[in-house]
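So you can see what is in the structure, the chains are spelled out below.
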Amino acid sequence: MKPKHFAPLFALVLAVILSGCGAAGQASMYAQADNWAYLETEETQSADVFFLCPTVYAGQEDCWNMPLEDEAAKASFLGAINMEKGIYDQDCRFFAPYYRQAGLSVYLFSPEEREPYLASAYEDVKDAFLYYLDHYNQGRPIIVAGFSQGADMSLRLLKDCFADEEINDLLVACYAIGWSITEEEMAQYPHLRFASCADDTGVIISFNSESEEIADSVMIPAGTRTLAINPLNWATDSTPAGKEENLGACFTDYSGGIIAEIPQLTGAYIDPVRGALKVTDVTPQEYPAMLPTFAEGIYHIYDYQFFYRNLQENVAARLDAYLGGQAA
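Each chain carries its own residue numbering, running from 1 in the direction its sequence is written. A pLDDT threshold of at least 70 governs which residues receive local features in this predicted model, and a stricter bar of 80 or more applies before side-chain atom pairs are shown or counted, although totals over entire chains, interfaces and linings include all residues. Heavy atoms from the whole structure form the basis of all side-chain values; hydrogens and water molecules are not counted.

*Asks:* Explanation requested: the overall build of the protein in the structure shown.
*Replies:* Strands here mean DSSP runs of E at least two residues long; helices mean DSSP runs of H or I at least four residues long; both are numbered from the N terminus. If you tally the helices and strands in the protein, you get 7 helices and 11 strands. For the protein, the C-alpha radius of gyration of 19 Å lies close to 20 Å, the compact-globule estimate for 328 residues. Considering only C-alpha atoms, the protein reaches an extent of 55 × 55 × 40 Å along its principal axes. The proportion of buried residues among the 328 residues of the protein is 55%. C-alpha atoms define the radius of gyration, and 2.2 Å times the number of residues to the power 0.38 defines the globule rule. Any residue under 20% of the maximum accessible area for its type is buried, any over 50% is exposed, and the rest in between are partly exposed; the area is computed with a 1.4 Å probe on protein chains only.

*Asks:* Whenever I open this one, the pairing of strand β4 (residues 142-147) confuses me. Can you help?
*Replies:* Sheet faces and side chains relate simply in a regular strand, where the side chains alternate between the two faces. The buried fraction of β4 amounts to 6 of the 6 residues, a majority that puts the element mostly inside the structure. Only when DSSP finds a minimum of two bridges between them are two strands counted as paired. In this sheet, β4 lies alongside strand β2 (residues 47-52) in parallel orientation, the contact comprising 5 bridges. For F50, the partnering residue across the bridge sits in β4 and is V144. By the bridge criterion, 6 bridges tie β4 to strand β5 (residues 171-177) in an arrangement that is parallel. In the strand pairing of β5, V144 is matched with C174.

*Asks:* Sorry if this is basic, but what is going on with a negative patch on the surface here?
*Replies:* On the surface, E212, E213, E244, E245 and D281 cluster together into a patch of negative charge. Inspection of the secondary structure puts D281 in the loop between β11 (277-279) and α7 (308-327). Patch construction takes residues with relative accessible area above 30% that form no salt bridge. Like charges are linked within 9 Å, and nonpolar side chains (Val, Leu, Ile, Met, Phe, Trp, Tyr) are linked within 5 Å. Method for areas: the Shrake-Rupley scheme with a 1.4 Å probe, in which residue coverage is limited to the protein chains shown. Salt bridges are defined by distance alone: a side-chain nitrogen of Lys or Arg within 4 Å of a carboxyl oxygen of Asp or Glu. Charge assignment in this entry is limited to Lys and Arg as positive and Asp and Glu as negative, and neither His nor the chain termini are counted. A single reference atom marks each charge: NZ on Lys, CZ on Arg, CG on Asp, CD on Glu.

*Asks:* Sorry, what's going on with the side chain of E84 here?
*Replies:* Structurally, E84 can be placed in helix α2 (residues 71-88). K85 is the oppositely charged side chain nearest to the buried, salt-bridge-free E84, at an N-O distance of 12 Å. Not counting chain neighbours up to four residues away, the residues in contact with E84 comprise F51, P54, F147 and Y304. Contact criterion: two residues are considered in contact whenever any of their non-hydrogen atoms come within 4.5 Å of each other.

*Asks:* Sorry, what's going on with the pattern of salt bridges here?
*Replies:* Any two side chains of opposite charge can pair, on the condition that their charged atoms come close. Counted according to the given criterion, the structure contains 15 salt bridges. We note a salt bridge from R100 to D124, for which the minimum N-O separation is 2.7 Å. Of the two residues, R100 sits in the loop between β3 (92-97) and α3 (111-137) while D124 sits in helix α3, which places them 24 residues apart along the sequence. A relative accessible area of 37% means that R100 is categorised as partly exposed. Among the salt bridges present, the one from E210 reaches R274, with a minimum N-O distance of 2.9 Å.

*Asks:* What exactly am I supposed to notice about the nonpolar core here?
*Replies:* Generally speaking, a soluble globular protein has its nonpolar side chains buried in company with each other. In these notes, a set of buried Ala, Val, Leu, Ile, Met, Phe, Trp, Tyr and Cys residues joined through side-chain atoms within 4.5 Å is what counts as a nonpolar core. In terms of nonpolar packing, the biggest core is built from 104 residues, with F50, Y88, Y175, I204 and F306 touching the most fellow members. The biggest single contributor to this core is α3, with 11 residues.

*Asks:* Hey, could you run me through the layout of surface pockets in this one?
*Replies:* The method is simple in principle: a probe with the dimensions of a water molecule rolls over the atoms, and the space it marks as empty is what remains. Cavity means a closed set of points on a 1 Å grid over the protein atoms alone, one where a 1.4 Å probe fits but cannot get out, pocket means an open set with protein on both sides within 12 Å along at least 5 of 7 lines, and lining means a residue has an atom within 4 Å of a point. Grid points are joined across faces, edges and corners, and a volume is the space filled by probe spheres set on the points. In this structure, the largest pocket encloses a volume near 560 Å³. Residue lining of the largest pocket: 28 residues in total, with P54, T55, F147, L291 and I301 positioned closest to the centre. Where the lining of the largest pocket is concerned, the elements lending two or more residues are α2 and β8 (249-252). Take the lining of the largest pocket: its biggest share by element is 4 residues, from α2.

*Asks:* Please clarify how the packing of aromatic side chains should be interpreted in this entry.
*Replies:* Given two aromatic rings, one states the distance between the centres and the angle between the planes to describe the pair. What counts as a ring pair is set by centres within 6.5 Å for rings of Phe, Tyr and Trp (its six-membered ring), and what kind of pair is set by the plane angle: stacked under 30 degrees, edge-to-face over 60, tilted for all other angles. Inspection of every chain in the model, using the stated rule, returns 32 aromatic pairs. On the basis of an interplanar angle of 85° and a centroid distance of 6.5 Å, the ring pair of F251 and F306 is categorised as edge-to-face. Highlighted residues: F251 in strand β8 and F306 in the loop between β11 and α7, separated in sequence by 55 residues. In this structure F251 comes out as buried when scored by relative accessible area, which is 12%. Aromatic ring contacts, followed pair by pair, group Y30, W36, F50, F95, F129, Y131, Y132, Y136 and F162 into a single cluster. Criterion for a charge above a ring: Arg CZ or Lys NZ at most 6 Å from the ring centre, at most 35 degrees from the ring normal. Positioned over the ring face of F94 is K85, at 5.1 Å from the centre of the ring. Here the guanidinium or amino end of R318 rests over the ring plane of W234, the centre of that ring lying 5.5 Å away.

*Asks:* For this particular structure, what's the right way to read the environment of G150?
*Replies:* Mapped onto the secondary structure, G150 falls in helix α4 (residues 149-161). Considering only alpha carbons, one finds G150 and Y122, 28 residues apart in sequence, at a separation of 9.7 Å. When residues no more than four places from it in sequence are discounted, the contact partners of G150 are L52, C53, P54 and Y99.

Given below as structure tokens:
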């Protein structure tokens, strides 16, 4: 177990790591505060959150990745972050870079056609993360989190940069909500671990919400199976959780304010075939998909909102477990 305070040693080790990751000698745009939606550098909290925004940019034929000069897109980007921020920032500094995310239209392409645009988005994410590590982290525990495209970017970051033991040791958890990760991917990257209970640390937490009839989606194509954990009972098997275990669905706006809170809105269980989180007690008519890339019954846009209070409680539990283990 590493000592609780090891910033000088970590800084030395990190310099070696970053030189091996291709960061050395390159000027980063993340040296400019304007390229961060959130850049909280006060030293009062016990850990850091590195958060990656979901897709807000529509995309267009001459520009499939969001320009960082597009102020309207950046305003939506900030608003989308605010919708989830309250889950994570109770005792954490919050870091969220603007990045040239792939536009929503890209998800209408085949996986092979969309990959170059997602790879471009990840270049920014990696640049921001390495800059954060080098200039702000100083050996602090890290929660990596994202939603949808941001979850995809979170998983890419774990695969790429957390293979190093010194960095991986800082990971409290990665909340990659609204994207999939398979057993095959986990085997390919043996430093990754999927969550198995409510308070294990250094793990990935992921699920994709849908109604019981759905058999295909962008996140979980038909014939594939993703790993998942149920945010109501923290089971990874198909043990159902009743709606009485739902501490509160919270529907938020672009300021982060909670405009409606409904305790015990929905139950859920994991489909043993797809690995999807099957949501009970609500209907697609009550909670429509809202996006052209999703069929009715895919509750993707509600992944955080349906389980807001359970996730908020869980972030605190995992951070407490990490800090308790660090002090031991």
